[in-house]
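Report on the structure
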Amino acid sequence: MKTLKISAVVAVMMLTAAVSAGAQQAQRLTFTVPFSFSVENKVLPAGSYSISPLSATSSVIRSNTGSAAAVFVSIPTKGNTGRVNPELVFERHGDTNILRTIWEAGTDAGLEIPGNRSY
């Protein structure tokens, strides 16, 4: 099966929320994806979503309408350079777009979604 990686910078807006545990900061992303995509073996329809951390190793993605949600395991990762805008990286297998990586704006930090296998 051929893999095509597509990087979609999709109307993403970073919102910073304070986390009560120490001086850490958690990032909440709000974005719109113009196609259906998969997270943790769950297919989510095209639409507006937000991602919020649940713990150091997991996050939740929710549609802004409340009609779809998925919890996923994430691993912190570092890229080569900081990004001006947040970025979502999808991997395409056939007709399925799989969310693989979430990159934060202004830093080289991101989250990988290692268990996301929907093909």
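These numbers come from a predicted model, not from an experiment.

Okay, the overall build of the protein chain next. Each helix and strand counted, the protein chain has 0 helices and 12 strands in total. Along the chain direction, N to C, the helices and strands of the protein chain fall in the order β-β-β-β-β-β-β-β-β-β-β-β. Among the 119 residues that make up the protein chain, the fraction classed as buried is 40%. Contacts in the protein chain between residues at least 24 apart in sequence constitute 42% of all its contacts with a sequence separation of at least 6. As displayed, the protein chain offers around 6500 Å² of accessible surface, 54% of which is attributable to carbon and sulfur atoms.

Another aspect to go through is the pairing of strand β10 (residues 87–93). A large share of β10 lies buried, amounting to 6 of its 7 residues. Pairing analysis gives 7 bridges linking β10 to strand β11 (residues 96–103), with the strands arranged antiparallel. Looking at the pairing, Leu88 lines up with Ile102 of β11. Between β10 and β11, which follow one another and run antiparallel, lie 2 residues, and Gly94 among them has a positive phi close to 60 degrees.

Examined against the element boundaries, Thr77 turns out to sit in strand β9 (residues 75–78). In terms of polar contacts, Thr77 uses its side chain to reach the side chain of Glu112, at 3.2 Å. The contacts of Thr77, once residues within four sequence positions are left out, are Thr101, Trp103, Asp108, Ala109, Gly110, Leu111 and Glu112.

What counts as what
- Every chain is numbered independently, its residues counted from 1 as its sequence is written.
- pLDDT decides what is reported in this predicted model: residues at 70 or higher carry local features, side-chain atom pairs at 80 or more are listed and counted, and totals for whole chains, interfaces and linings draw on all residues regardless.
- The side-chain numbers reported here are obtained from all heavy atoms of the structure, hydrogens and water having been left aside.
- Segments assigned H or I by DSSP are reported as helices when at least four residues long, segments assigned E as strands when at least two residues long, and all are numbered from the N terminus.
- Partly exposed residues are those whose accessible area sits between 20% and 50% of the maximum for their type, while under 20% is buried and over 50% is exposed, using a 1.4 Å probe and protein chains only.
- By the convention used here, residues are in contact when the closest approach between their heavy atoms is within 4.5 Å.
- The accessible surface values rely on the Shrake-Rupley method and a 1.4 Å probe; as for residues, cover is taken only from the protein chains in view.
- Strand pairing follows a simple DSSP-based rule, namely that at least 2 bridges must link the two strands.
- We define a polar contact as two N or O atoms separated by no more than 3.5 Å, with the added condition that, inside protein, one atom must be a possible hydrogen donor and the other a possible acceptor, whereas residues neighbouring each other in sequence contribute only through side-chain atom pairs.

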